[in-house]
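Single-letter residue listing:
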Amino acid sequence: YDPRDLFAGLPQGSRIAVSGLSDETFARWLRPDVEVECFETRADDVFARLRESSLDAMIADESELQGEVLPACPHRFLQEPWLSEPGQGASIVVASREDEELTVLLKALEHRNSRIEIESEIRLQNICRMESLHVLRARARCEGDRLGLRAVLLAVDLSWTVEAQRQGEVTRSGASRLARQVARDL
C-alpha cells in the first residue's frame, strides 16, 4: 500500500463506512484488518458520525457529499489499489440524433480517451453480467497509445477472488477486444 493513500494508511482496527455492498466487499478484501460497515443513509448523516468519532473514515462518491461536507473534512480521491465499479467515473449525456444543435454542443465536450476508458469498463461489465453474490471492480486507463484494463472479481463472502490485467490499443475496437480478453482471464 502507498502510505500517502488515506485508505491504505488507516491503522489496523479502523472503522470505515462505505456506500454499498460492492464497496464493502472490496474494502474488506483490500483491508481485512479494518471494520467496514455499509451505510444506507445520506452521506451527510455518516459525516456527522465522523465528527462524533464513532467512525474513522468514510468512502463515498464525491456527488454524495453535498454542501459544506467535502470542504469541511480531509479527503483524497482514492487511487489504486482501490478500483471503482465499472463506469462509475462517467457522467453520460445522451441526445437525439435529430437535435442538431445539442449534437454540436455535445461533440465539443467529447473526450476521446475518457470515452474509450469508460467503454472498456462497461463492455467488461456487460460481458461478465454478475449475480448478486459477486462484485466486479475495474479501472481502464489510457497511457499514451496503450489502454490498460485492470479488474477484480470477488465473491461477496470473499471465499475467492480473481484478478486480471491487460493492455491493448487506444481505439474503440481495441477497448472492446481488451474487455473480452480480461473477461476471459477472469
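In this text, all values refer to a predicted model and were calculated from it rather than measured experimentally.

A look at the packing of aromatic side chains
- Enumeration according to the criterion identifies 1 aromatic pair in this entry.
- With a centroid separation of 5.7 Å and an interplanar angle of 40°, the aromatic rings of Phe-26 and Trp-29 are classed as tilted. Taken together, the residues span about one helical turn, with Phe-26 and Trp-29 both in helix H1 (residues 21-30) at a distance of 3 residues.
- Classification of Trp-29 by relative accessible area gives partly exposed; the value is 22%.

Some thoughts on the side chain of Ser-120
- Here Ser-120 lies in helix H4 (residues 112-128).
- Dropping the residues within four chain positions of it, Ser-120 is found in contact with Ala-140, Leu-147, Leu-149, Ala-175, Leu-178 and Ala-179.

So, H1
- Buried residues dominate H1, accounting for 7 of its 10 residues.
- For H1, the set of buried residues is Ser-22, Asp-23, Glu-24, Thr-25, Phe-26, Ala-27 and Leu-30.
- Tucked inside the fold, the buried residues of H1 contact strand S1 (15-18), strand S2 (35-38), strand S4 (134-143) and strand S5 (146-155).

A few points about the nonpolar core
- Ranked by size, the top nonpolar core spans 19 residues in total, and within it Leu-124, Leu-136, Leu-147, Leu-149, Ala-151, Val-182 and Leu-186 carry the most contacts.
- Among the secondary structure elements, those contributing two or more residues to this core are H4, S4, S5 and helix H5 (172-185).
- Excluding residues within four positions of it along the chain, Leu-149 makes contact with Ser-120, Glu-121, Leu-124, Ala-138, Arg-139, Ala-140, Ala-164, Gln-165, Arg-166, Leu-178, Ala-179 and Val-182.
- Grouped together as the second largest cluster of nonpolar side chains are 16 residues, Leu-10, Ala-27, Ala-57 and Ile-59 included.

Considering the confidence of the model for the chain
- On average, the chain scores 80 in pLDDT, and the residues at 70 or more come to 77%.
- Confidence, expressed as mean pLDDT per element, reaches its minimum in the chain at helix H3 (residues 100-109) with 71 and its maximum at strand S6 (residues 161-169) with 95.

Topic: the environment of Ala-179
- Tracing the sequence through the fold places Ala-179 in helix H5.
- With 12 residues separating them along the chain, Ala-179 and Gln-167 place their C-alpha atoms 9.8 Å apart.
- Discounting chain neighbours no more than four positions away, the residues touching Ala-179 are Ser-120, Arg-123, Leu-124, Ile-127 and Leu-149.

Focus: the sheet that holds S4
- Read from one edge of the open sheet, 3 strands run S4-S5-S6, paired in antiparallel fashion. Looking at which strands have only one partner, the edges of the open sheet turn out to be S4 and S6. Direction aside, neighbouring strands of the sheet carry axes that sit 15° apart on average.
- For S5 and S6, the ladder comprises 9 bridges, and the chain directions are antiparallel. The residue of S6 that forms the bridge with Arg-146 is Glu-169.
- Each of S4 and S5 touches H4; the most contacted strand, S4, lies at about 155° to it.
- Docked against the sheet, H5 engages S5 and S6, running at close to 155° with respect to S6.

Re the pattern of salt bridges
- On inspection of all chains with the given rule, the structure shows 8 salt bridges.
- Between Asp-33 and Arg-31 there is a salt bridge, with its nearest N and O atoms 2.9 Å apart.
- On the basis of relative accessible area, Arg-31 is assigned to the buried category, the value being 3%.
- Across the salt bridge formed by Arg-172 and Glu-119, the nearest N and O atoms sit 2.7 Å from each other. Separated by 53 residues along the polypeptide, Arg-172 in helix H5 and Glu-119 in helix H4 bring together distant segments of the chain.

Conventions we followed
- Residues numbered from 1 in each chain as written.
- Predicted model: local features only at pLDDT ≥ 70, side-chain atom pairs only at ≥ 80, totals over all residues.
- Heavy atoms only, no water.
- Phe/Tyr/Trp six-rings, centres within 6.5 Å; stacked < 30°, edge-to-face > 60°.
- Helix = DSSP H or I, 4+ residues; strand = E, 2+ residues; numbered from the N terminus.
- Buried < 20%, exposed > 50% of the residue type's maximum accessible area, 1.4 Å probe, protein only.
- Contact = heavy atoms within 4.5 Å.
- Core = buried A, V, L, I, M, F, W, Y, C linked by side-chain atoms within 4.5 Å.
- pLDDT = per-residue confidence, 0-100.
- Pairing = 2+ DSSP bridges.
- Axes fitted to C-alpha atoms, helices over the stretch in contact; angles between N-to-C directions.
- Salt bridge = Lys/Arg side-chain N within 4 Å of Asp/Glu carboxyl O.

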